[in-house]
Amino acid sequence: MGLLMKKEDREKLKELKAEEERLEEEFPEEKIKFVDLLFGEDEEDIALEEALPPNEREELEEIKREEKKLLIRAISIFSGMFIIMIVVLLVFSEATKSDLLKTTLPLFEAYYQEHYQKDLAYESIENLCEKESCSSIAHVTTKNQEHLMSVSNELLGDDISTSKIEENYTKTLEQTLSSVQIVSHYPTLSYQKYFLQYNPHLFYSKVLPYNKAFDDLIREHSLIVHDIVLYQGNLDLANIQSLLSLFHEESTFYFIGQINGIPASLTILSKREQITIPITASIPIDGGTIYELDRTLNAVSSLAVSRVSENDIKTLGDYTITNAYTIKPELRNQDREKTKSSYFFVKLDNTAYTMQSIYEFSLSGYQEYERDDYLKIATYQVGNSTYLIGNQAIGIGSKKEKNGFLCKFGFCK
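Quick look at the structure, then. Here the structure is a predicted model, which is why all the values come from computation and not from measurement.

**A few points about the overall build of the protein**
Along the backbone of the protein there are 10 helices and 19 strands. A buried classification covers 41% of the 413 residues belonging to the protein. Within the protein, contacts between residues separated by at least 24 positions form 65% of all contacts whose residues are at least 6 apart in sequence. When the accessible surface of the protein is split by element, carbon and sulfur atoms take 52% of a total near 23600 Å².

**Some remarks on the sheet that holds strand β19 (residues 394-401)**
Sheet architecture is open: 4 strands sit in the order β13-β14-β19-β16, paired in antiparallel fashion. On the outer flanks of this sheet lie β13 (300-308) and β16 (358-361), each paired with one strand and no other. Pairs of neighbouring strands in the sheet enclose a mean axial angle of 25°, with direction left out of account. Looking at chain direction, β13 and strand β14 (residues 319-331) are connected through 8 bridges and run antiparallel. Among the inter-strand pairings, Arg307 is bridged to a residue of β14, identified as Tyr325.

**Examining unusual backbone geometry**
Even without being glycine, Leu155 reaches a positive phi, approximately 55°. Relative to the assigned elements, Leu155 resides in strand β4 (residues 154-158). The residue Tyr366 is not glycine, and still its phi comes out positive at about 50°.

**Let's talk about the pairing of strand β17 (residues 378-382)**
The side chains of a regular strand alternate between the sheet's two faces. Pairing of β17 with strand β18 (residues 385-390) involves 5 bridges; the strand directions are antiparallel. The residue of β18 that forms the bridge with Ala378 is Ile389. Turn length for the β17-β18 hairpin, with the two strands adjacent in sequence and antiparallel, is 2 residues, and the turn residue Gly383 shows positive phi of about 65°.

**A closer look at the state of the cysteines**
This structure, assessed with the given rule, holds 1 disulfide. What pairs with Cys129 in a disulfide is Cys134, and their sulfur atoms sit 1.8 Å apart. An S-S torsion of about 95° defines the bridge between Cys129 and Cys134 as right-handed. Since its relative accessible area comes to 34%, Cys129 is described here as partly exposed.

**Some remarks on the packing of aromatic side chains**
The final tally for this structure, using the stated rule, is 16 aromatic pairs. Here the aromatic rings of Phe195 and Tyr204 are separated by 5.6 Å at their centres, their planes lie at 35°, and the arrangement is tilted. Of the two residues, Phe195 and Tyr204, neither departs from the other in class, the shared state being buried. For the pair Phe253 and Phe255, a centre-to-centre distance of 5.7 Å together with 10° between the ring planes defines the contact as stacked. Accessibility classification places Phe253 together with Phe255 in one group, the buried group. The ring of Phe203 is capped by Arg371, whose NZ or CZ atom sits 4.0 Å from the centre of that ring.

**Digging into the packing of helix α7 (residues 163-176) against helix α9 (residues 237-244)**
Look at α7 against α9: their axes get within 10 Å of each other, and the N-to-C directions meet at 155°. Relative to α9, the element α7 is oriented roughly antiparallel. Crossing angle aside, the handedness with which α7 passes α9 is right-handed. In contact with Thr172, Leu173 and Thr176 of α7, α9 contributes Asn239, Ser242 and Leu243. Its residues assigned to classes, the contact of α7 with α9 comprises 2 nonpolar, 4 polar and no charged.

Thresholds applied
Residues take numbers from 1 onward in each chain, read along the sequence in its written order. For this predicted model, a pLDDT threshold of at least 70 governs which residues receive local features, and a threshold of 80 or more governs which side-chain atom pairs are given and counted, while totals over whole chains, interfaces and linings are taken from all residues. Excluded from the side-chain calculation are hydrogens and water; included are all heavy atoms of the structure. The way it works is that DSSP assigns letters per residue, a run of H or I at least four long becomes a helix, a run of E at least two long becomes a strand, and they are numbered from the N terminus. Only protein chains enter the area calculation, which uses a 1.4 Å probe; residues under 20% of their type maximum are buried, those over 50% are exposed, and those in between are partly exposed. Two residues form a contact once any of their heavy atoms are found within 4.5 Å. Residue exposure ignores everything except the shown protein chains as possible cover, and the areas themselves are Shrake-Rupley values with a 1.4 Å probe. Only strands joined by at least two bridges in the DSSP assignment are considered to pair. Fitting a line to C-alpha atoms yields each axis, with helices limited to the stretch in contact; the angle taken between N-to-C directions then spans 0 to 180 degrees. Two cysteine sulfurs form a disulfide in these notes if their separation is within 2.5 Å. Classification of ring pairs rests on two measures: the distance between centres of Phe, Tyr or Trp rings, Trp counted by its six-membered ring, which must be within 6.5 Å, and the angle between planes, read as stacked under 30 degrees, edge-to-face over 60 and tilted in between. Whether a charge sits over a ring comes down to the Lys NZ or Arg CZ being within 6 Å of the ring centre and within 35 degrees of the ring normal. Small angles under 35 degrees read as roughly parallel and large ones over 145 as roughly antiparallel, with 65 to 115 read as roughly perpendicular and the rest as oblique. Left-handed describes a crossing whose near helix is turned anticlockwise from the far helix by less than a right angle; the clockwise case is right-handed. Gly is placed with the polar residues, together with every amino acid not listed as nonpolar (Ala, Val, Leu, Ile, Met, Phe, Trp, Tyr, Cys and Pro) or charged (Asp, Glu, Lys and Arg).

Functional significance is not addressed by these values, which are geometric in nature.
Encoded structure:
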């Protein structure tokens, strides 16, 4: 830009002159100061301007003032457009928000506030889906790893306050099995309507409806029981059948008969099967024990239990699977043994697997399974050992978070 104004520039300045007062009122002094920063001059520019004749210097100052005003107008227009865009996006977001967020989430928030007097801080909210079809079953995971469920925005429940139902279940179990001494038991109590496909390993499997009492669940046959019962004495199978009939058809019981604290027999009872298998031997292995089940009743001829390096397992998230093992039962000729069960019973020392904390992976390629696809292996803990009962080859382990980069320098917890 030359130091002398062109004729068209002077005409433009005259057109803008009329707006000067309005602009000065519209934009406070702070904006003018901000623009002054953008137009800051160094000492050389100032010296050149001072060398100009007075009339040219005045024209130059006028040009600068008008340029500032134009810049202020541009900033104002841009800011206004930006605000309008934000408002439009918010309105669009609200208009297109799913029913899950518009309707279901507020119900969970009110439920959580009412029952626990706290605001709901959630990590995720979803409808349970199967393939490309989604259901009306909603699942919330809180930042404390609690789980809340609903069905069609009703039947709200959680896995936080389930003790009353658990107490009533335990009382019923003890009354039904009064002829034996129950040493301990490890129940997972689930509500059938919260599942598309039941699996006791799902993170939300212990959620129970808040407004349903134990007797209500029994009347509806909607309580799924997955329980491992350690006992001493002689089981009455008729009593066990009457116990099973109270619950949903997906229920399964594992009864471990003990003698002097050592497993002596395994009874598995469900709608699909009823078997009792004596334990004929305890075979020590590296890191645990195999309890051999009577081969005249069980088709497993041998069991291979092997450790797997956590570095070899491909996980679904940014973590590793540690304390990992593969368990491979070898079966006898199934044409000859097809009427027999094919269970294994293993103890692994220095492990900590629970129904929800166990992680499963394939034996081919060591790829972690999606949790919906987990095999229904039964687990319980005694001391530092985990006991596992299953009937399929499986890879198992526990989750271990990866250390962050700063951990290398001692800056992590």
